[in-house]
Amino acid sequence: MGVADLQSESLTRRKVAAPLVAPTVGSWRSVLSAVGMVLLLSLLVGVLAYQAPPQGRVLVGWVGDRLFLATTAGLGADAVARGDLFADDLTPDSPTGRSRWTRQHALLQLPHVGAGAELDLTVTAQGWPDDVVGASVAQPVVTVRADGVPVGEFTPSSAWAEYTFRIPAAVRTSGDLRLDFASSHTFTDTASFGADPRPKGFRLAEVRVHAVEASAPPFYPPAWRAVGLLAASALLLYLLLAQIVRSTPVVYVGTTLGVALAATGLAVTRIWMGAALSVALGGLGALLLVVWYPALLRFVRALVRRYASGAALGYGLVAAALVLFVYALAQGLGWLSSSGVALFLPLFPDSLLIALLGTGLLALVLVLGREGLPQFSDHIVAWLSSRRGSLIVLVGFAVIWLGYQALVIARMPYVGHADYADNAVVARNLAAGRGWVVDYVTQFYHLIEGVTRPQETWPLLQPVWIAPFFLAFGPEAWAAKLPNLFFNVILLGLIYRIGTYFWDRRVGLTAAILTLTNFLFFRLTIYVTNDLGFVVFSLGAIFLLYVAVPRPHEKKRDVMRGGLRPPAPPPARASPPPPAGAATPPPAPPPAGAAGTLRTYLREVGVNRALVATGVLTGLMMLQKPSGAMLALGMGLWFLWQQVPADWRTLLRRPSLTRLVALLAPVAVWSAIALVVLSPYLVRNLSEFGKPVYSTESYDAWVLGYRGSSGDAWEEIYRVFTPELGGPGLPDRSWILRWGFDKTGEKFATQLRELRDYLMPVWRGLPDDLAWFFGGNERKNILSGLGAWLALIGVIGALRFRRRLLGLLAFTFAPYMVFMLTYWRTDEHRYWVMLLPWLALLASWIIWAGYDRLAAVGDRRWAPLGLILVVVALNSIIGFSRPDIANKVRNEPVIWQPDLAAYAWLQANTTPEAVVMTRIPWQFNWHVERPAVMIPNTGDRDILLTIARHYDAQYLVLENQQRVKGDAGRLLAPLMDHSNQVGDVIDGFELIYASPTDDFRAFVYRMPPVEQEVP
């Protein structure tokens, strides 16, 4: 590391970023004249647009209505005072198909309508249903105010109707129109839909305004703020086009057309264009930043280069190191004091003064002299940087840590929940020769005959790793986790190799230790999950793709110029004659035939062993976890980008099929290899389900998250969807309209916040707009708070020093993130474990780069302090995971114990054919080896019993570990009362087993006989 590491990557120099304004537009004087003309034109056109009579309408409940109103699900008085509406609803009887319920007070803001005109306001509204329960009136009286002045009132009915009001021009106080609706009463519940705690005023579907032409003034005063926004947008559009097009006539024509379209919008659809101007201004600003990215990137790189060199950085690091050292000492003294250890006399009561004194004394000891501790620190770091020293530490760590994990695995008599247990069950059936089948039903999208079915939700590969160990040791919980230990060994070596390749051995060693000691990887080891293998395959595939694809300036010249050409013979060299008596080896014959020609061609266009290996690992990555296809998509896009030659314009002007094929051949070979490896999964799905990619998660995606993230919301995927039992049918993308745009947007915002909290560090004290981009909870950072900061600094540093690697990572993970944010969900740590090794590598790089810079200050006198800070940083990051690991080791087995005891009782007291209804059929089947069916999330007792009888379920198990929630939880609540005793019959269910404890109880009930009615 050190000075060599601060050299930027050797990249071909791409096109220099254009200046702020293209030189072809003219001199600065002409530029200023052009800008003035654009502003004058936009101001004039904006004023003229406001001479059209104002008009427009808002469809409440449809996309875009939140430009004019605010919504919230909260029930407090603040929401009423703000005038927030409730979430949008699908309303089939509404004239517009959608609507919103108002509270007692509702507010709509129509921006930039303009003053000076008398307006007619038309409201499409509906009152309360006829079956309202407990209301003091039949319908409320709604008072309408415009800009704070009452303009009328109406009493809605249970049918949709339009209500029109006249807004005099004299009451208009600004260019914006503020509409207030106040209901005299609200209601909550109805006989048809039951309890609903929302205090609702009336339904609102549409708001229209239009000018009264009979009283039109000779001149409409414009809304100057809107005209100003139009002028600012025109200016940004001009700058954007000038940066892209570089042609004066095109820039003028494009700017004029943009201004004309905006002005037409103000004239025809004033409400929407008035609201859209602010959005357009932000969008144009963002696009301007995108086209200026080369200049911005140069600026950031210049900042990094400026602050990565010189004495200022060194002394700044010394100051920061001393502050951190003081903090570490204070933390250590605080821990010792809380442990009851008397360290100092009562004469020194102030721990901060003690820490400062200790810091000064230790600093003097560390830095005095050129010999002693500084030299000793350099020897330690040099040993860690050596091949022998780093391997000794790596192997020693692997033995200790993996030995500890093996001990934990041996003591845990369970494999985990849900898909973890599902992997173990499928592996057990594979080892028994039954194939990829399971003996339980977990969801109710379809009714099937019996409970044995092909396993469809999870990928195929993880059970394959487990099955050989089951064949060797039997279907034991610890045997199911043995593949995880092997994956950990591979992961340890792989991270070490990657860190050494990009930086040095210290970085690889540190990153490997940080990754394996992370609490997420500890979880992946002690459970039977497919995520650990996914991390190994994805990490290897990304690294080998980087190695396999040459940098643009390293591409073979013959390929770049026109495809395959015979290489020029090497220049003749004077070689020494062979020694006397030595046999001259015959020259290697050139490969003959079509196969030899193909091998030569592939080698010339860039197909090498690393590319073949990354293709295999990419296929295994997708086979291990199908969502890895999103990573493969990003890798392929980066691969294509790297294949684009520097003279791509020449390729467009003079197309060459031979050259194009030569450039795309490596991408095609990589893709073909990955698809061949993935093909067993696709073929199996085609044979079993009739489609290459099939999973019940394709239905779950349109249900999960749209009702929040609570336990009740998660239970939505276990509802009865099958139409045979009155269900709504299979969920699909059209369900977004059913949930509503607010809930869809809230789901996306929630997932975005979760992803941000996992990856971004916390920065307290920032303004709200800036603080949003940083994490909100240090405990959610997957690499700890300090680790997140170090990784973020590493990303910034990589803009200068590891730009190509950063580009590969950005391309790779961007499609996956978009997929998780929009289609699936992000709010589970394990979805992001494949990022952890890269974050650990970046953080380790910054840790050791900081050491190198700190040690170089003052003739290496500060090297011991730098080494101490390395240890403190590592201890902080590793210590972040200790509480979670301790909880898993000490407390979790206690939570499992009641369920394991109930499972043992069931295995001993039921026949192998007995079907059991349970909330967690995966682990139930693993432990009891009895067929199982999920408890449906329904509040209808008849539907629950109908499903139980369809699958011939004889028993109902209510575990302690995961209680039933949602509608089913409320239905079965009497059965989960801890006072219930064996022999009790509750709603027809006979209690035959209960945990012999006062708390944390598991219950086993016998299902009611078919002929038995509810008492």
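Just so we're clear, the structure is a prediction, and the values are computed from it rather than from any experiment.

**Q** Go over unusual backbone geometry, please, and point to the residues and values.
**A** Backbone geometry places histidine 112, a non-glycine residue, at a positive phi of 60°. Within the secondary structure layout, histidine 112 lies in the loop between β4 (105–110) and β5 (119–126). Phi angles above zero are rare outside glycine, and aspartate 952 is one such case at about 60°. Counting through the fold element by element, aspartate 952 comes out in the loop between α35 (941–950) and β18 (953–958). For aspartate 952, a relative accessible area of 48% puts it in the partly exposed group.

**Q** So what's going on with helix α33 (residues 882–909)? Residues and values would help.
**A** An ideal rise of 1.5 Å per residue puts 40 Å on 28 residues; α33 measures up with 41 Å between its terminal C-alpha atoms. A maximum bend of about 40° is found in α33 at asparagine 891, where proline proline 893 lies one to four positions downstream. Of all the residues in α33, the buried ones are Asp884, Ile885, Lys888, Glu892, Trp896, Pro898, Asp899, Leu900, Ala902, Tyr903 and Leu906. Packed against the buried residues of α33 are α10 (387–411), α16 (519–526), α34 (921–928), β18, β20 (989–994) and β21 (1003–1006).

**Q** How would you summarise the pairing of strand β16 (residues 915–918) if you had to cite specific residues and measurements?
**A** The alternating pattern of β16 places Val915 and Met917 and Val916 and Thr918 on opposite faces, both of which are buried. Both β16 and β18 contribute to a ladder of 4 bridges, which runs parallel. Within β18, the position partnered with methionine 917 by the bridge is leucine 956. With 3 bridges connecting them, β16 and strand β17 (residues 932–934) associate as parallel partners.

**Q** Got a sec to walk through the sheet that holds strand β19 (residues 985–986)? Specific residues and values, please.
**A** Ordered by their spatial adjacency, 7 strands build an open sheet running β14-β17-β16-β18-β21-β20-β19, and the pairing between neighbours is mixed. The open sheet has two free edges, formed respectively by β14 (440–441) and β19, since each of these has just one partner strand. Two strands pair when backbone bridges link them, and β20 and β21 are joined in this way by 4 bridges, in the antiparallel orientation. Along β21, the bridge assignment pairs leucine 991 with tyrosine 1005.

**Q** Can you break down the packing of helix α21 (residues 628–643) against helix α30 (residues 803–822) residue by residue, with the values?
**A** Running from N to C, α21 and α30 point in directions that differ by 140°, and their axes come no closer than 7 Å. Between α21 and α30, the angle falls in the class oblique. With respect to the hand of their crossing, α21 and α30 are arranged in right-handed fashion. Of α30, the residues touching α21 (which contributes Met630, Leu631, Leu633, Gly634, Met635, Leu637, Trp638, Trp641 and Gln642) are Arg804, Gly807, Leu808, Phe811, Thr812, Phe813, Pro815, Tyr816 and Phe819. Tallied by class, the residues present in the contact of α21 with α30 amount to 13 nonpolar, 4 polar and 1 charged.

Rules used throughout
- Residues numbered from 1 in each chain as written.
- Predicted model: local features only at pLDDT ≥ 70, side-chain atom pairs only at ≥ 80, totals over all residues.
- Heavy atoms only, no water.
- Helix = DSSP H or I, 4+ residues; strand = E, 2+ residues; numbered from the N terminus.
- Buried < 20%, exposed > 50% of the residue type's maximum accessible area, 1.4 Å probe, protein only.
- Expected span 1.5 Å × (residues − 1).
- Bend = angle between axes of the 7 residues up to and from the residue.
- Contact = heavy atoms within 4.5 Å.
- Pairing = 2+ DSSP bridges.
- Axes fitted to C-alpha atoms, helices over the stretch in contact; angles between N-to-C directions.
- Parallel < 35°, antiparallel > 145°, perpendicular 65-115°, else oblique.
- Left-handed = near helix turned anticlockwise from the far one by under 90°.
- Nonpolar A, V, L, I, M, F, W, Y, C, P; charged D, E, K, R; others polar.

So, to be careful, I would describe these as geometric facts and stop short of saying anything about function.
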